[in-house]
Amino acid sequence: MTIIVKAPAKINLVLDATAKRPDGYHDVHMVMTTVDLADRLELTELPSGEIRMNAQHAYVPNDERNLAYKAAAILKEKYDVKTGVEIFLEKHIPVAAGLAGGSSDAAATLRGLNELWQLGLTLEELAEVGAAVGSDVPFCVMGGTAIATGRGEKLEKLVSPPPCWVVLAKPTIGVSTADVYGALDLNTAKRPNVEAMIDAVKAQDFQGICQSLGNVLESVTLPMHPEVEQIKEFMASCGAEGVLMSGSGPTVFALTEHENRAQRLYNGLRGFCNEVYVVRLLGENH
Ligand code: ATP
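Just so you know, these numbers come straight off a predicted model, no measurement behind them.

Parameters and conventions
- Residues numbered from 1 in each chain as written.
- Predicted model: local features only at pLDDT ≥ 70, side-chain atom pairs only at ≥ 80, totals over all residues.
- Heavy atoms only, no water.
- Pairing = 2+ DSSP bridges.
- Helix = DSSP H or I, 4+ residues; strand = E, 2+ residues; numbered from the N terminus.
- Axes fitted to C-alpha atoms, helices over the stretch in contact; angles between N-to-C directions.
- Contact = heavy atoms within 4.5 Å.
- UniProt positions renumbered as here; feature names shortened; annotations may be inferred.
- Near = heavy atom within 4 Å.
- Polar contact = N/O pair within 3.5 Å; in protein donor to acceptor, adjacent residues only side chain to side chain.
- Areas by Shrake-Rupley, 256 points an atom, 1.4 Å probe, with all protein chains shown as cover.
- Salt bridge = Lys/Arg side-chain N within 4 Å of Asp/Glu carboxyl O.
- pLDDT = per-residue confidence, 0-100.
- Buried < 20%, exposed > 50% of the residue type's maximum accessible area, 1.4 Å probe, protein only.
- Arc of directions from axis to C-beta.

## Describing the sheet that holds strand β10 (residues 252–256)
Next, step 1: Ordered in space as β9-β10-β7-β11, the 4 strands form an open sheet in which the pairing is antiparallel. The outermost strands of the open sheet, each flanked by one partner alone, are β9 (242–245) and β11 (275–280). Neighbour to neighbour, the strand axes of the sheet diverge by 20° on average, direction disregarded.
Next, step 2: Judged from the 4 bridges that link them, β9 and β10 form a sheet pairing that is antiparallel. Across the sheet, G242 pairs through a bridge with L255, a residue of β10.
Next, step 3: The sheet contacts of helix α9 (residues 226–237) involve β7 (165–170), β9 and β10, and relative to β10 the element is tilted by about 10°.
Next, step 4: On top of the sheet, helix α10 (residues 259–269) reaches β7, β10 and β11; it is set at about 10° to β7, its chief contact.

Quick look at the structure:
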């Protein structure tokens, strides 16, 4: 039996880090939402009990380092599943981009295996397994829009923002999330107003959302990679209503309610980077 699952990317509308923890992670306070740029996974049952990974992408590992593989291994072990799985992964989300591509692949694997292996687990139970794979995995299991705290794994559901266009641009640099958090200085970094974003989303106030976009990690990534700032400036000059770097970067996103503006942004950005996407925010049910 084969099951096909979609793994959509996420963006952070607001991302703050509140403290460095003894375990080396940061406590975060953020709002994440799902966009309709997705990887595609095919999960095929293997009677041998083996887990096999086939990602066919130069920068994506095919062994236990792949987050989809890791998710399958943890789920199999925890629920003592005898059969295995072959995971065929078709990447569409840029890699090491700040869009949680790997985390979403892990989450999609958990959702798909729940069906393939007939485990009958709830999304909350799958999210708990996902937390052992990575901090963003529980959000990717739940989807929609949420406020995340802790390492990012503690979630509170939030209504999704009003529909709009999202233009994503990824410069050709790769950014390591661990390095960015490692270089973060909370005493000097510009901190976003998370509560203002939550209020704007609840009020479905698109302009308020655009004005409250903020990411504490820009204080690290922007000085390291001037092209990220240049893309932000270009997007703003094209009339984007809101502009922000997603996660630890380097992907930058622009929000606009106008399709023609999204198209203009896309055309203009193609001159800067070869990875540009026009997508939509996904609502509650993807
Ligand atoms: P986040 O926003 O959660 O920090 P990201 O979008 O910055 O994630 P990913 O694309 O998830 O980063 O991948 C970062 C690294 O993880 C890659 O360099 C890759 O080697 C490894 N990796 C492991 N599994 C995957 C996967 N399924 N897809 C992509 N990369 C993966």
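## Let's talk about the UniProt feature "domain: GHMP kinase C-terminal" (unreviewed entry) in the protein chain
Next, step 1: In the numbering used here, UniProt assigns the "domain: GHMP kinase C-terminal" (unreviewed entry) feature to residues 197–273.
Next, step 2: A helix fraction of 56% and a strand fraction of 14% characterise residues 197–273, whose end C-alpha atoms lie 29 Å from each other.

## Digging into the site of the ligand
Next, step 1: In the vicinity of the ligand, 21 residues are found, and the nearest of them are A96, G98, G102, D105 and T177.
Next, step 2: Between the ligand and L67 there is a distance of 3.0 Å, counted from a nitrogen atom to a backbone nitrogen or oxygen.
Next, step 3: Residue A100 places a main-chain N or O atom 3.0 Å away from an oxygen atom belonging to the ligand.
Next, step 4: For the ligand, whose unbound accessible area comes to 610 Å², protein coverage reaches 80%.
Next, step 5: No other element matches the 4 residues that helix α2 (residues 101–116) contributes to the shell around the ligand.

## Let's talk about the pattern of salt bridges
Next, step 1: Scanning all chains against the criterion turns up 14 salt bridges.
Next, step 2: Among the salt bridges present, the one from R40 reaches E42, with a minimum N-O distance of 3.1 Å.
Next, step 3: Measuring nitrogen to oxygen at the nearest pair gives 3.7 Å for the salt bridge that ties R40 to E90. Placement of R40 in strand β2 (residues 26–46) and of E90 in strand β4 (residues 84–90) is noted, with a sequence separation of 50 residues between them.
Next, step 4: Through salt bridges with shared partners, one network takes in R21, D23 and D27.

## A look at the side chain of S135
Next, step 1: Position of S135 relative to the elements: it lies in the loop between α3 (123–131) and α4 (137–142).
Next, step 2: Separated by 3.0 Å, the side chains of S135 and R151 make a polar contact.
Next, step 3: In contact with S135, other than residues within four places in its own chain, are Y25, R151, G152 and E153.

## Focus on the confidence of the model for the protein chain
Next, step 1: Across the protein chain, the average pLDDT comes to 95, with 99% of residues at 70 or higher.
Next, step 2: For this predicted complex, the interface confidence reaches an ipTM of 0.93, while the overall pTM sits at 0.95.

## What about the side chain of T109?
Next, step 1: Structurally, the position occupied by T109 is in helix α2.
Next, step 2: Taking the relative accessible area as the measure of exposure, T109 reaches 0% and is therefore buried.
Next, step 3: Ignoring anything within four residues of it in the chain, the contact list for T109 reads L41, L43, A68, A72 and I87.

## Here we look at the environment of S212
Next, step 1: Structurally, S212 can be placed in helix α7 (residues 206–212).
Next, step 2: A sequence separation of 44 residues divides S212 from L168, and the C-alpha atoms of the two residues are 18 Å apart.
Next, step 3: Not counting the four nearest positions on each side in its chain, S212 is found in contact with L13, V14, A196, M197 and A200.

## Re helix α6 (residues 194–202)
Next, step 1: What α6 keeps buried is the set V194, M197, I198, A200 and V201. The buried residues of α6 occupy an angular sector of 165° when the element is viewed end-on, so they sit on one face.
Next, step 2: Packing partners of the buried residues in α6 comprise β1 (2–20), β2, β5 (145–149), β6 (154–158) and α7.
Next, step 3: For α6, the N-terminal capping position is held by N193, with its side-chain oxygen 3.3 Å away from the main-chain nitrogen of E195.
Next, step 4: Looking one or two residues past α6, Q204 carries a phi angle of roughly 55°, positive in sign.

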